[in-house]
Amino acid sequence: MPDLDIFSEDFSQKAAEAGNQARLQLLKQGIPVCYLDSEFGVDVIEYPDGRKVEIRFIPGAPGGQNYKVIRELKHSSAA
């Protein structure tokens, strides 16, 4: 087995691509995806219809009610 360098640029690129492919597969299946938009530094929920909203998590709140929608986003940095 070749040495695995998790700090290499190649590893970072492959990990990012795998994450993006997983996001696209979930959206294709009709499942919304939550992630940190690293370009803008905000938490996002992306819906299968293409809408994206900025959210803020509410610590200690029960699942399904643990975030508040801040605003709809018009940019598309994660595509």
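Look a little higher up for the structure.
Report on the accompanying structure. Worth saying up front: this structure is predicted, and the values here are computed from it rather than measured.

## Overview of the overall build of the chain
The helix and strand inventory of the chain stands at one helix and four strands. When the helices and strands of the chain are read in sequence order from the N terminus, they spell out α-β-β-β-β. Once the C-alpha set of the chain is aligned to its principal axes, its extents read approximately 45 × 30 × 25 Å. Residue burial in the chain is summarised as follows: out of 79 residues, 20% are buried. Within the chain, counting contacts between residues at least 6 apart in sequence, those at least 24 apart form 16% of the total. As displayed, the chain has an accessible area near 6,000 Å², and 55% of this comes from carbon and sulfur atoms. Charge separation in the chain, taken as the distance between the mean sites of 9 positive and 12 negative side-chain charges, equals 10 Å.

## Re the pattern of salt bridges
Scanning the entire structure with this criterion turns up four salt bridges. A salt bridge links Glu46 to Arg23; its shortest N-O distance comes to 2.7 Å. Taken as a pair, Glu46 in strand β2 (residues 42-46) and Arg23 in helix α1 (residues 9-28) lie far apart in primary sequence, 23 residues in all. For Glu46, a relative accessible area of 7% gives the class buried. The buried category is assigned to Arg23, whose relative accessible area is 8%.

## Description of a nonpolar patch on the surface
A contiguous nonpolar patch, built from Leu4, Ile6, Phe7 and Phe11 and spanning about 470 Å² of accessible area, is present on the exposed surface. Assignment of secondary structure puts Leu4 in the segment before α1. Overall, Leu4 belongs to the exposed group, its relative accessible area being 63%.

## Notes on the packing of aromatic side chains
Scanning the model with the defined rule gives zero aromatic pairs in all. We note Arg51 situated over the ring of Tyr47; from NZ or CZ to the ring centre the distance is 4.5 Å.

## Some details on α1
With 20 residues, α1 extends 29 Å from end C-alpha to end C-alpha; this agrees with the ideal 28 Å at 1.5 Å per step. Of all the residues in α1, the buried ones are Asn20, Arg23 and Leu27. Buried residues of α1 fall within an arc of 55° about the axis and therefore sit on the same side. What points out from α1, more than 90 degrees from its buried face, is the exposed set Lys14 and Lys28.

How each quantity is defined
- Residues numbered from 1 in each chain as written.
- Predicted model: local features only at pLDDT ≥ 70, side-chain atom pairs only at ≥ 80, totals over all residues.
- Heavy atoms only, no water.
- Helix = DSSP H or I, 4+ residues; strand = E, 2+ residues; numbered from the N terminus.
- Buried < 20%, exposed > 50% of the residue type's maximum accessible area, 1.4 Å probe, protein only.
- Contact = heavy atoms within 4.5 Å.
- Areas by Shrake-Rupley, 256 points an atom, 1.4 Å probe, with all protein chains shown as cover.
- Lys, Arg positive; Asp, Glu negative; His and termini not counted.
- Charge placed at Lys NZ, Arg CZ, Asp CG, Glu CD.
- Salt bridge = Lys/Arg side-chain N within 4 Å of Asp/Glu carboxyl O.
- Patch = residues over 30% accessible without salt bridge, like charges linked within 9 Å, V, L, I, M, F, W, Y side chains within 5 Å.
- Phe/Tyr/Trp six-rings, centres within 6.5 Å; stacked < 30°, edge-to-face > 60°.
- Lys NZ or Arg CZ within 6 Å of the ring centre and 35° of its normal.
- Expected span 1.5 Å × (residues − 1).
- Arc of directions from axis to C-beta.

Any functional reading would require information that these geometric values do not contain.
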